[in-house]
Amino acid sequence: MMFLFFMTRGDSPRLKFLLIFLAMIVLKNVYNSLISVLFNQFLIHHSLRPLLFFATAIAELVPIATFGIFAAICVIMNFALVLTVTPAVVIIYHRRFVAPKETQVPAHKTKKSTCTCCSSVFDEEKWVRAYLRLLTCGSDESRRSSIEKELDTSFEPVTPKTLAERESTLKPPSLRDKPIAWILVLGLAAFSCTMCILASRLRPPAQPEVWFTSDHMNTRTGKLFDGVYGSNEAGYYPALSIVWGMDKLKRKNFDPYVPDRNRGKVKFSNPPQLHLDLSQDQVLEACRGLRNFICKSGCIDEHLARPNSTVCFLEQFQEWHIQNFAGNTTYGLGETLFNQRLATFREETVPKSEENAIASWENLIGFVDGELRFFRIDTRLSLDLEGAIEKKKQVHKRTNKYVSRHCRNLDAHLPDVWQYSDAWVWYKAQAALVNGLLVGMAIAFPVAFVVLTSATQNIILAFFAIITIGCIVGNVLGLAYLFGWALGVKESIAGVVVIGLAVDYTIHIGHVYDVGRSDGLISREDKTISAVWTMGPTVVAGAVTTAGAAVFLLFAQLTFFTQMGILILSTIISSLIYSLFFFVPLLYVMGPQANNGNLRAIQHYITDTCCSSSCCSFSRIEAPTRELIKSPPPAADEDEKEPA
């Protein structure tokens with residue numbers, strides 16, 4: 001529907017709604033034909049990951065939000081193509097190429113595979129049997145013998161006739177029984193706690209982030225130009241502007257996805273009365289305070305501003321006025337005369353600064369329609385523009401302290417003041433990346449839990465799955481700490497991807513475990529064996545294909561892609577390990593059996609408890625009887641009527 005809407009942009013609204021209505025009819029028919037078969041599969045396997053990616057759409061940074069939306073749309077489109085294109089291609093292939101060959105070639109002339117090594121290595125049944133024997137090692141003799149019997153023969157579900165007998169034999173979890181499974185669960189739980197502690201120590205980078213390798217041309221060129229060819233070192237330090245006269249920026253109909261349009265309009269404060277002596281003294285005090293303000297935490301030098309980088313228009317204007325008007329100062333001039341001479345100074349001179357080259361006074365002394373509306377003083381911060389976020393945070397605090405101490409409304413005739421720097425833009429972006437990672441996790445985990453609970457209809461199973469997903473995410477971020485990485489841009493973006501990738505294999509196994517209940521399986525052991533037989537090879541194959549696709553990122557030149565590849569590989573390996581050696585053993589020793597944790601059983605229990613009164617019982621049990629009494633008796637057939 002969205003595709004049809006964008007394809008008909010500019011057309012009449014009637015055509016848009018007609019196409020959307022027709023698309024809704026088609027989707028309704030497809031939905032009705034597939035809902036009975038594919039609802040659970042879609043809800044679990046293909047709706048949870050888009051929801052997790054859509055959770056990043058609330059991020060403050062537009063690239064992160066668009067990444068989440070784009071990834072979610074890709075997953076949805078992939079599911080749609082798998083349901084439509086893939087079956088059609090497989091059917092055409094079998095009908096056109098496979099079926100004719102099978103009918104033409106006799107059965108006794110078909111070639112058999114002579115490669116026994118490959119068949120032995122990739123024997124799925126062999127590996128599944130070995131895994132189940134390891135999982136069930138140390139169990140009691142009765143359970144061990146039953147499992148061996150199931151391994152030696154094809155797995156047969158329990159029939160409904162034996163449900164009552166099996167329910168009576170269910171046992172609570174015990175540490176003495178199933179020792180290997182308990183060792184796997186407790187060992188990986190302790191390891192996961194350790195990795196989560198290491199992940200909590202991740203901090204924003206203390207050094208500038210490196211985007212290229214040390215031998216890359218960009219890095220080597222940057223080192224070559226650092227002072228070798230007399231480059232301007234002042235350009236490495238961000239500019240700071242102290243502005244008077246601007247009230248706010250109106251951004252009506254601003255679109256963050258098209259930032260060049262509707263940039264906004266500036267609303268100015270009341271015209272500043274800079275001709276007054278107190279106003280001029282306040283501006284001069286701000287200039288002197290900016291040069292001498294101490295900044296020991298976060299700054300490169302001991303002062304907030306770089307030496308000889310402060311451009312104070314009022315100091316140069318007073319010097320110019322003394323030279324051109326017989327030694328008279330700017331004090332005592334009227335507003336009209338002061339503004340006229342300031343405008344002349346603005347047109348005839350240029351700023352003088354050794355460390356902060358500025359072409360003109362046009363942006364420092366602002367005249368709008370011939371009236372003075374704003375002015376500012378500029379300097380260069382003693383801060384690396386690509387420096388660490390913690391240092392920028394400290395310098396930002398010192399800058400705000402300077403403004404509140406030297407520039408706030410000491411004189412009521414000057415408008416309010418605010419400070420601006422490009423360093424704060426990148427600082428806010430880095431902080432938004434870290435906050436976006438935390439907010440994404442805070443949203444993704446509850447969303448995953450709600451979807452898992454509603455899909456599996458079992459709150460215990462969903463709780464175990466969420467614990468496993470949390471262990472996977474903590475393990476990956478803990479590995480990032482062990483690699484010596486910091487919580488920078490690359491790690492923050494990759495952390496959002498990890499959440500979407502960590503849920504896959506756990507959900508597959510959990511879903512098949514829950515499906516065993518509909519097949520007549522009630523014990524946790526039978527459900528676990530059924531889930532491993534069904535989804536074990538599929539989970540391993542999915543991990544191999546995803547990891548193989550991520551290997552190519554390791555050969556990229558940008559460190560962002562290499563670290564992304566390492567994080568994706570870590571996520572896939574961690575997901576596979578925790579799914580098979582933590583989640584499956586956890587289900588084997590503590591998984592829900594019978595109706596434990598089932599939402600419908602809980603609903604029936606609450607209904608029976610709350611509706612125990614006679615009135616509720618009458619309305620709940622005898623309602624069909626009362627309706628039957630009120631309804632008229634059915635008419636007799638023609639053959640049953642007695643003759644007159």
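Scroll up to find the structure.
Residues numbered from 1 in each chain as written. Predicted model: local features only at pLDDT ≥ 70, side-chain atom pairs only at ≥ 80, totals over all residues. Heavy atoms only, no water.

### Quick word on the packing of aromatic side chains
Thought 1: Taken as a whole, this structure holds 16 aromatic pairs when the rule is applied.
Thought 2: Ring centres 5.7 Å apart and planes at 65 degrees place the aromatic pair Phe 293 and Tyr 402 in the edge-to-face group. Here Tyr 402 lies in helix H14 (residues 389-406) and Phe 293 lies in the loop between helix H11 (277-292) and helix H12 (313-324), a separation of 109 residues in the sequence.
Thought 3: Overall, the relative accessible area of 0% leaves Tyr 402 in the buried class.
Thought 4: Taken together, the ring pairs in this structure connect Phe 317, Trp 320, Phe 325, Phe 338, Phe 345 and Trp 361 into an aromatic cluster.
Thought 5: When the ring centre of Phe 325 is taken as origin, the NZ or CZ atom of Arg 341, which lies over that ring, is 3.9 Å away. (Phe/Tyr/Trp six-rings, centres within 6.5 Å; stacked < 30°, edge-to-face > 60°. Helix = DSSP H or I, 4+ residues; strand = E, 2+ residues; numbered from the N terminus. Buried < 20%, exposed > 50% of the residue type's maximum accessible area, 1.4 Å probe, protein only. Lys NZ or Arg CZ within 6 Å of the ring centre and 35° of its normal.)

### Here's the deal with the environment of Val 243
Thought 1: Along the chain, Val 243 falls in strand S1 (residues 239-244).
Thought 2: Its relative accessible area of 6% is what places Val 243 among the buried residues.
Thought 3: Once the C-alpha coordinates of Val 243 and Leu 364 are considered, the two residues, 121 residues apart in sequence, prove to be 8.5 Å apart.
Thought 4: Apart from residues lying up to four places away in sequence, Val 243 is in contact with Phe 375, Arg 376, Asp 416, Val 417 and Trp 418. (Contact = heavy atoms within 4.5 Å.)

### Quick notes on the pattern of salt bridges
Thought 1: Counting across every chain of the model gives five salt bridges.
Thought 2: Between Asp 301 and Arg 306 there is a salt bridge, and its shortest N-O distance comes to 3.0 Å.
Thought 3: Here Asp 378 ties to Arg 376 by a salt bridge, and the two come within 2.9 Å at their closest N and O atoms.
Thought 4: Note on Asp 378: relative accessible area 5%, which makes it buried. (Salt bridge = Lys/Arg side-chain N within 4 Å of Asp/Glu carboxyl O.)

### Description of the pairing of strand S4 (residues 365-368)
Thought 1: Here four bridges tie S4 to strand S5 (residues 371-380), and the two strands are oriented antiparallel to one another. By the bridge assignment for S5, Gly 366 is matched with Phe 374.
Thought 2: With antiparallel pairing between neighbouring strands as the criterion, S4 and S5 make up a hairpin whose turn holds two residues, including Asp 369 at a positive phi of roughly 55 degrees. (Pairing = 2+ DSSP bridges.)

### Some words on the nonpolar core
Thought 1: Core analysis: the biggest nonpolar cluster contains 65 residues, and Tyr 131, Val 473, Ile 509, Phe 582, Phe 583 and Leu 587 have the highest contact counts within it.
Thought 2: For this core, the element with the most residues is helix H20 (residues 559-590), which contributes 15 residues.
Thought 3: Apart from residues lying up to four places away in sequence, Leu 587 is in contact with Leu 461, Phe 464, Ile 509, Tyr 513, Arg 524, Thr 528 and Pro 592.
Thought 4: Counting residues in hydrophobic clusters, the runner-up holds 41 residues, among them Trp 320, Phe 338, Phe 345 and Val 403. (Core = buried A, V, L, I, M, F, W, Y, C linked by side-chain atoms within 4.5 Å.)

### Section: helix H13 (residues 335-348)
Thought 1: With 14 residues, H13 should reach 20 Å at 1.5 Å per residue; the first-to-last C-alpha distance of 20 Å fits that figure.
Thought 2: For H13, the complete set of buried residues consists of Phe 338, Asn 339, Arg 341, Leu 342, Phe 345 and Arg 346. In an axial view of H13, the angular spread of the buried residues amounts to 165 degrees, which keeps them on one side of the axis. Counted as exposed and oriented over 90 degrees from the buried face of H13: Thr 336, Glu 347 and Glu 348.
Thought 3: Residues of H13 that are buried in the fold lie against H11, H12, S4 and S5. (Expected span 1.5 Å × (residues − 1). Arc of directions from axis to C-beta.)

### Topic: the packing of helix H18 (residues 504-518) against helix H19 (residues 524-551)
Thought 1: At a minimum axis separation of 8 Å, H18 and H19 run at an interaxial angle of 155 degrees. Taken together, H18 and H19 sit at an angle that is classed as roughly antiparallel. Two packed elements cross with a definite hand, and for H18 against H19 that hand is right-handed. Contacts between H18 and H19 pair Tyr 505, His 508, Ile 509, Val 512, Tyr 513 and Arg 517 from the former with Arg 524, Lys 527, Thr 528, Ser 530, Ala 531, Thr 534, Met 535, Val 539, Gly 542, Ala 543 and Thr 546 from the latter.
Thought 2: Residue composition of the contact of H18 with H19, by class: eight nonpolar, six polar and three charged. (Axes fitted to C-alpha atoms, helices over the stretch in contact; angles between N-to-C directions. Parallel < 35°, antiparallel > 145°, perpendicular 65-115°, else oblique. Left-handed = near helix turned anticlockwise from the far one by under 90°. Nonpolar A, V, L, I, M, F, W, Y, C, P; charged D, E, K, R; others polar.)

### Regarding a nonpolar patch on the surface
Thought 1: Side chains of Phe 54, Ile 73, Ile 76 and Met 77 sit close together on the surface and give an oily, nonpolar patch of about 340 Å² of accessible area.
Thought 2: On the accessibility criterion, Met 77 (47% relative accessible area) is partly exposed. (Patch = residues over 30% accessible without salt bridge, like charges linked within 9 Å, V, L, I, M, F, W, Y side chains within 5 Å. Areas by Shrake-Rupley, 256 points an atom, 1.4 Å probe, with all protein chains shown as cover.)

### Regarding the state of the cysteines
Thought 1: Scanning the entire structure with this criterion turns up two disulfides.
Thought 2: The disulfide partner of Cys 287 is Cys 312, and the S-S distance across this bridge is 2.1 Å. Here the S-S torsion is close to 75 degrees, and the disulfide linking Cys 287 with Cys 312 is therefore right-handed. In this pair, Cys 287 sits in helix H11 while Cys 312 sits in the loop between H11 and H12, placing the two residues 25 residues apart along the sequence. Of the two residues examined, Cys 287 and Cys 312, each falls in the buried class. (Disulfide = S-S within 2.5 Å.)

### A short note on the sheet that holds S4
Thought 1: If you trace the four strands from one edge of the open sheet to the other, you get S4-S5-S1-S6, paired in antiparallel fashion. Looking at the sheet topology across the chains shown, the edges are occupied by S4 and strand S6 (417-421). Averaged over all adjacent pairs, the angle separating strand axes in this sheet is 25 degrees, with direction ignored.
Thought 2: Where S1 meets S6, five bridges bridge the pair, whose relative direction is antiparallel. Of the residues in S6, the one forming a bridge with Leu 240 is Ser 421.
Thought 3: Sitting on the sheet, H11 is in contact with S1 and S5, with an inclination near 15 degrees to S5.
Thought 4: In the packing of H13 onto the sheet, contacts are made with S4 and S5, and the angle to S4 comes to roughly 115 degrees.

### Re unusual backbone geometry
Thought 1: Despite not being glycine, Asn 253 shows a phi value in the positive range, around 60 degrees.
Thought 2: Residue position: Asn 253 is located in the loop between strand S2 (246-250) and strand S3 (265-268).
Thought 3: On the basis of relative accessibility, which here comes to 59%, the residue Asn 253 falls in the exposed class.
Thought 4: One non-glycine residue, Asn 262, adopts positive backbone phi at about 50 degrees.
Thought 5: Following the sequence through the fold, Asn 262 ends up in the loop between S2 and S3.

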